[in-house]
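Per-entry structural report
Listed below, chain by chain, are the residues.
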Amino acid sequence: MSQTHETVPDGAPEERPAAPPGRPVLMLALATIGFAVNFWAWALLSPLGPRFKDDLSLSSFEQSLLVAVPVLVGSLGRVPVGALTDRYGGRVMFPLVTTATIVPVLYLGLAGHSSLAALLVGGFFLGIGGTAFAVGVPFVSAWFPPERRGLAIGVFGTGMGGTAISALTTVNLVDARGMASPFLVTAAVLATYAVLAAFLLRDAPNRSVSSEPLTRRLAATARLAVTWQTAALYALAFGGYVAFSVYLPTYLKTGYSLAQADAANRMAGFVLLAVLMRPVGGWLADLVGPTRVLEGALFVVVAAAAVQTATPSLAPVGTLAFLAMAGALGAASGATFALVALLAPADKVGSVTGVVGAAGGLGGFVPPLVMGAVHDALDSYALGLALLALVASAALAFTFTAVQRATAHRTSGTRAA
């Protein structure tokens with residue numbers, strides 16, 4: 001078998017078997033589809049939030065909690081799932097996570113939508129679908145050489161467009177065929193993918209397998225500077241995307257008096273642009289470096305959030321501000337995981353991804369709660385958007401300093417090796 005050489009984090013060259021021709025692209029496609037269908041399930045409650053608010057007489061905070069709980073569980077669950085992926089690989093973990101997600105989807109569709117308590121229980125276990133991200137990043141990363149990982153992981157990241165599928169189909173299916181219909185459709189898609197993944201997925205022949213116990217591996221991951229540097233950036237980049245994808249329909253309905261379907265369609269547009277920009281961010285990171293992409297994207301987020309604090313008219317200023325944020329957050333998300341692929345040790349990519357992915361999800365959990373509480377107290381969203389601009393400014397300063405130094409050190413070390 002032919003061999004390829006790759007420089008591992010300590011600088012020592014390692015011989016690894018080459019992948020069969022075309023296999024990396026096939027595995028990337030299968031992983032991206034798996035990410036998309038799991039995220040579709042993960043986002044099922046968000047488009048229905050306004051409907052549940054009206055039907056169950058929920059407060060703004062209760063509605064925000066309902067859509068945020070799956071985000072929280074999916075985020076925290078990425079930490080152990082990422083570590084388990086380092087050990088067992090995506091071939092085992094993708095079908096396992098997908099199959100486990102079917103149970104809460106069926107529960108919510110058939111029995112769990114009659115009360116806030118039932119929805120929160122279903123939403124808790126629905127969070128399992130959100131852990132698929134921590135399976136896919138190390139799985140895809142192992143299939144591609146370092147100089148192509150930014151683009152490959154960015155393409156995989158387009159699977160977050162599963163939230164757009166949910167936004168475009170869930171409300172329409174409920175209106176046409178009843179509350180259970182979107183959940184039944186999603187469960188069927190999940191089951192189909194789980195079977196295909198079990199038969200078709202293969203782990204990369206050059207995959208670095210960690211033999212450390214789970215607790216020791218997580219402790220080692222926590223000691224890496226790259227873990228917390230990229231976690232902080234992803235908490236804003238992907239967290240901002242998640243926050244808007246789950247809360248934008250409520251924001252547009254409350255702040256601009258849009259109809260539920262119109263608000264959901266606009267959210268889908270936000271999601272679609274962010275999804276398309278994620279591989280662009282990874283591709284640009286391969287070309288000019290992840291820190292430069294992050295710096296430019298974060299500057300756009302600061303400016304757009306500052307503009308939106310004044311709640312301008314949607315045509316055209318508000319729409320342009322949200323589209324600019326969508327593109328910038330998508331590009332920053334892609335660049336962040338290009339940074340993970342650059343700085344993380346090969347046998348800990350899954351563990352680092354789990355922590356970073358958890359930070360991103362937690363970054364999406366907090367803002368909807370803040371926005372709901374602020375609106376209940378002040379009847380305005382301005383303060384929440386001002387806080388976004390402030391946090392993005394801090395992340396921009398952090399990228400210019402600590403992250404830029406870490407990247408320069410890693411790059412100079414690789415050249416020296």
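Worth saying up front: this structure is predicted, and the values here are computed from it rather than measured. Every chain is numbered on its own, with residues counted from 1 as its sequence reads. Where local features are concerned, this predicted model is filtered to residues with pLDDT of at least 70; where side-chain atom pairs are given and counted, the filter is 80 or more; whole-chain, interface and lining totals use all residues. Just so you know, side-chain values use all the structure's heavy atoms and leave hydrogens and water out.

As a further point, take the overall build of the protein chain. Secondary structure is summarised from DSSP: a helix means a run of H or I of at least four residues, a strand means a run of E of at least two, and numbering begins at the N terminus for each. Tallying secondary structure elements over the protein chain gives 17 helices and 2 strands in all. In this treatment the radius of gyration is a C-alpha quantity, and the globule benchmark scales as 2.2 Å times the residue count to the 0.38 power. Computed over C-alpha atoms, the radius of gyration of the protein chain comes to 20 Å, within 12% of the 22 Å expected from 2.2 N^0.38 for 417 residues, which places it in the range of a compact globule. With a 1.4 Å probe rolled over the protein chains alone, any residue whose accessible area is under 20% of its type maximum counts as buried; one over 50% counts as exposed, and the rest are partly exposed. Relative to its 417 residues, the protein chain shows a buried fraction of 56%. Sequence-distant contacts, at least 24 apart, represent 82% of the contacts inside the protein chain between residues at least 6 apart. Within the structure as shown, the protein chain displays about 15700 Å² of accessible surface, and the carbon and sulfur contribution to it stands at 68%. Note that His is not counted, nor are the chain ends; the positive residues are Lys and Arg, and the negative ones are Asp and Glu. Lys charges are placed at NZ, Arg charges at CZ, Asp charges at CG and Glu charges at CD. The centroid of the 23 positive side-chain charges in the protein chain is displaced by 5 Å from the centroid of its 18 negative side-chain charges. Note on contacts: a residue pair is in contact if any heavy atoms of the two residues lie within 4.5 Å. In this description, accessible areas are obtained by the Shrake-Rupley approach with a 1.4 Å probe, and a residue is regarded as covered only by the protein chains that are shown.

Attention now moves to the environment of phenylalanine 156. Assignment of secondary structure puts phenylalanine 156 in helix α8 (residues 146-157). Take phenylalanine 156: its relative accessible area is 0%, and that puts it in the buried class. Separated by 148 residues in sequence, phenylalanine 156 and alanine 304 place their C-alpha atoms 27 Å apart. Among residues more than four places away in sequence, those in contact with phenylalanine 156 are Leu28, Ala31, Thr32, Phe35, Phe94, Ala132, Phe133, Gly136, Val137 and Val140.

An ideal rise of 1.5 Å per residue puts 42 Å on 29 residues; helix α13 (residues 260-288) measures up with 41 Å between its terminal C-alpha atoms. Looking one or two places after α13, you find glycine 289, whose phi comes out positive at around 100°. Take the residue count of a helix, subtract one, and multiply by 1.5 Å to get its expected span.

When pLDDT is averaged along the protein chain, the result is 85; 93% of the residues meet or exceed 70. Averaged over each element, pLDDT in the protein chain is lowest for strand β1 (residues 3-7) (41) and highest for helix α10 (residues 181-200) (96). Every residue is assigned a pLDDT by the predictor, reflecting its confidence on a scale from 0 to 100.

Now for the side chain of threonine 407. Mapped onto the fold, threonine 407 is located in helix α17 (residues 382-416). Counting of polar contacts relies on pairs of N or O atoms within 3.5 Å, with two restrictions inside protein: one atom must be capable of donating a hydrogen and the other of accepting it, and residues adjacent in sequence are counted only when both atoms are side-chain atoms. A polar contact of 2.9 Å, which involves the side chain of threonine 407, links it to the backbone oxygen of valine 403.

Nonpolar cores were defined as sets of buried Ala, Val, Leu, Ile, Met, Phe, Trp, Tyr and Cys residues, with membership established by side-chain atoms within 4.5 Å. Judged by nonpolar contacts, the single largest core of 118 residues is most densely connected at Val140, Phe156, Tyr241, Phe244 and Tyr251. Per-element accounting of this core gives the leading share, 16 residues, to helix α12 (residues 225-256). When sequence neighbours within four positions are dropped, the list of residues in contact with valine 140 reads Leu28, Ala31, Ala152, Ile153 and Phe156.

Turning next to helix α7 (residues 132-143). Within an α-helix, residues lying three or four positions from one another point in the same direction, as the helix has 3.6 residues per turn. Look at α7: 17 Å from first C-alpha to last across 12 residues, which is about the 16 Å you get at 1.5 Å a residue. Of all 12 residues in α7, 12 are buried, a share of seventy percent or more. Along α7, the positions that sit buried rather than exposed are Ala132, Phe133, Ala134, Val135, Gly136, Val137, Pro138, Phe139, Val140, Ser141, Ala142 and Trp143.

What follows concerns the packing of aromatic side chains. Side-chain rings of Phe, Tyr and Trp (the six-membered ring for Trp) are treated as a pair once their centres are within 6.5 Å; stacked means planes under 30 degrees apart, edge-to-face means over 60, and tilted covers the remaining angles. The full count for this structure, using the stated rule, is 20 aromatic pairs. Here phenylalanine 133 and phenylalanine 337 contribute two aromatic rings whose centre-to-centre distance is 4.9 Å and whose plane-to-plane angle is 75°, an arrangement assigned as edge-to-face. Of this pair, phenylalanine 133 sits in helix α7 while phenylalanine 337 is found in helix α15 (residues 314-343), placing the two residues 204 residues apart along the sequence. Grouping residues by exposure puts phenylalanine 133 and phenylalanine 337 together as buried. An aromatic cluster is present here, built from Phe35, Phe39, Trp42, Phe133, Phe156, Tyr234, Phe238, Tyr241 and Phe337 joined pairwise through their rings.

Moving on to the side chain of serine 75. With respect to the element layout, serine 75 can be found in helix α3 (residues 60-76). In this structure serine 75 comes out as buried when scored by relative accessible area, which is 0%. Beyond its immediate stretch of four places on either side in the chain, serine 75 contacts Ala358, Gly361 and Leu362.

Attention now goes to the environment of phenylalanine 238. On the secondary structure map, phenylalanine 238 appears in helix α12. The sequence separation of phenylalanine 238 and leucine 45 amounts to 193 residues, and the corresponding C-alpha distance is 19 Å. With residues up to four places along the chain from it excluded, the contact list for phenylalanine 238 reads Phe39, Arg78, Met160, Arg278, Ser333, Gly360 and Gly361.

The next thing to look at is a nonpolar patch on the surface. Judged by side-chain polarity, Tyr107, Val121, Phe124 and Phe125 come together as a nonpolar surface patch covering roughly 370 Å² of accessible area. Relative to the assigned elements, tyrosine 107 resides in helix α5 (residues 90-110). Patches here are clusters of residues that have more than 30% relative accessible area and form no salt bridge, with a 9 Å joining cutoff for like charges and a 5 Å cutoff for nonpolar side chains (Val, Leu, Ile, Met, Phe, Trp, Tyr). Whenever a carboxyl oxygen of Asp or Glu lies within 4 Å of a side-chain nitrogen of Lys or Arg, that contact is scored as a salt bridge.

The phi angle of most residues is negative, glycine excepted, and most peptide bonds adopt the trans form. Look at the link from alanine 315 to proline 316: it is a cis peptide, with omega at 0°. With a phi close to 55°, serine 57 is a non-glycine residue in the positive phi region. Within the secondary structure, serine 57 is located in the loop between α2 (49-56) and α3. Classification of serine 57 by relative accessible area gives exposed; the value is 62%. Phi is positive for serine 257, which is not a glycine, with a value near 60°. Inspection of the secondary structure assignment puts serine 257 in the loop between α12 and α13.

It is worth spelling out the environment of threonine 221 at this point. Structurally, the position occupied by threonine 221 is in helix α11 (residues 214-222). Residue classification places threonine 221 among the buried positions, given a relative accessible area of 0%. When the C-alpha positions of threonine 221 and isoleucine 153 are compared, they lie 20 Å apart, and in sequence the two are 68 residues distant. Beyond its immediate chain neighbours, meaning those up to four positions away, threonine 221 contacts Thr227, Lys348, Ser351, Val352 and Val355.

Here the focus is the pattern of salt bridges. With the rule as written, the count across this model stands at 3 salt bridges. Between aspartate 175 and arginine 51 there is a salt bridge, with its nearest N and O atoms 2.5 Å apart. On the criterion of sequence distance, the pair formed by aspartate 175 in helix α9 (residues 162-177) and arginine 51 in helix α2 is long-range, its members being 124 residues apart.

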